[in-house]
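Report on the structure
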Amino acid sequence: GYGGGFSSGAANTRIRKDFQALAYYNGSILTDDNGKAQITFKLPDDLTTWRVMAVATDGNLRFGNGEGTFLTTKPLLTNAILPQ
C-alpha cells in the first residue's frame, strides 16, 4: 500500500478547479486622459494562452478596438509513488 507522505511543497499547492472559458468581462471601464486604463482580476486555473479583446468609444460615435494575448503557467509538481 501507499504509506508515503507529501513533501511540504505539495502540502502548499492548490488543486486546479476553476476552468471558466471567460476570464473577465466588464462593459464600462473608463480610461484616463491619455486613453489608458488598468484593471486587475483573478484568472481561472486554465494553463493556456488568453486572448484580450477591447472595444472603446468616445461617446460621439467614434469607436476603436484592440486585441492581444498572454500566457498563464503554473509550476509543475510531481509525486513519485514507487512500489514497495
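Cut-offs applied
Residues numbered from 1 in each chain as written. Predicted model: local features only at pLDDT ≥ 70, side-chain atom pairs only at ≥ 80, totals over all residues. Heavy atoms only, no water. Helix = DSSP H or I, 4+ residues; strand = E, 2+ residues; numbered from the N terminus. Buried < 20%, exposed > 50% of the residue type's maximum accessible area, 1.4 Å probe, protein only. Contact = heavy atoms within 4.5 Å. Areas by Shrake-Rupley, 256 points an atom, 1.4 Å probe, with all protein chains shown as cover. Salt bridge = Lys/Arg side-chain N within 4 Å of Asp/Glu carboxyl O. Patch = residues over 30% accessible without salt bridge, like charges linked within 9 Å, V, L, I, M, F, W, Y side chains within 5 Å. Phe/Tyr/Trp six-rings, centres within 6.5 Å; stacked < 30°, edge-to-face > 60°.

Here we look at the overall build of the protein
Of regular secondary structure, the protein possesses 1 helix and 2 strands. Expressed as a percentage of its 84 residues, the buried residues of the protein come to 7%. A separation of at least 24 residues holds for 47% of the contacts in the protein among residues at least 6 apart in sequence. When the accessible surface of the protein is totalled, it reaches about 7800 Å², and 54% of it is carbon and sulfur.

Some remarks on the pattern of salt bridges
Considering all chains together, one arrives at 2 salt bridges under this definition. Close ionic contact of Arg62 with Asp58 constitutes a salt bridge, the shortest N to O distance being 2.5 Å.

Here we look at a nonpolar patch on the surface
Side chains of Tyr24, Ile29, Ile39, Phe41, Val52 and Phe70 sit close together on the surface and give an oily, nonpolar patch of about 450 Å² of accessible area. Along the chain, the position of Tyr24 falls in the loop between helix H1 (8-11) and strand E1 (49-57).

Some words on the packing of aromatic side chains
Tallying each qualifying case throughout the model produces 1 aromatic pair. Seen from their ring centres, Tyr24 and Phe41 are 4.6 Å apart, and the 15 degrees between their planes marks the pair as stacked. Of the two residues, Tyr24 sits in the loop between H1 and E1 while Phe41 sits in the loop between H1 and E1, which places them 17 residues apart along the sequence. The exposure class assigned to Phe41 is partly exposed, which follows from its relative accessible area of 31%.

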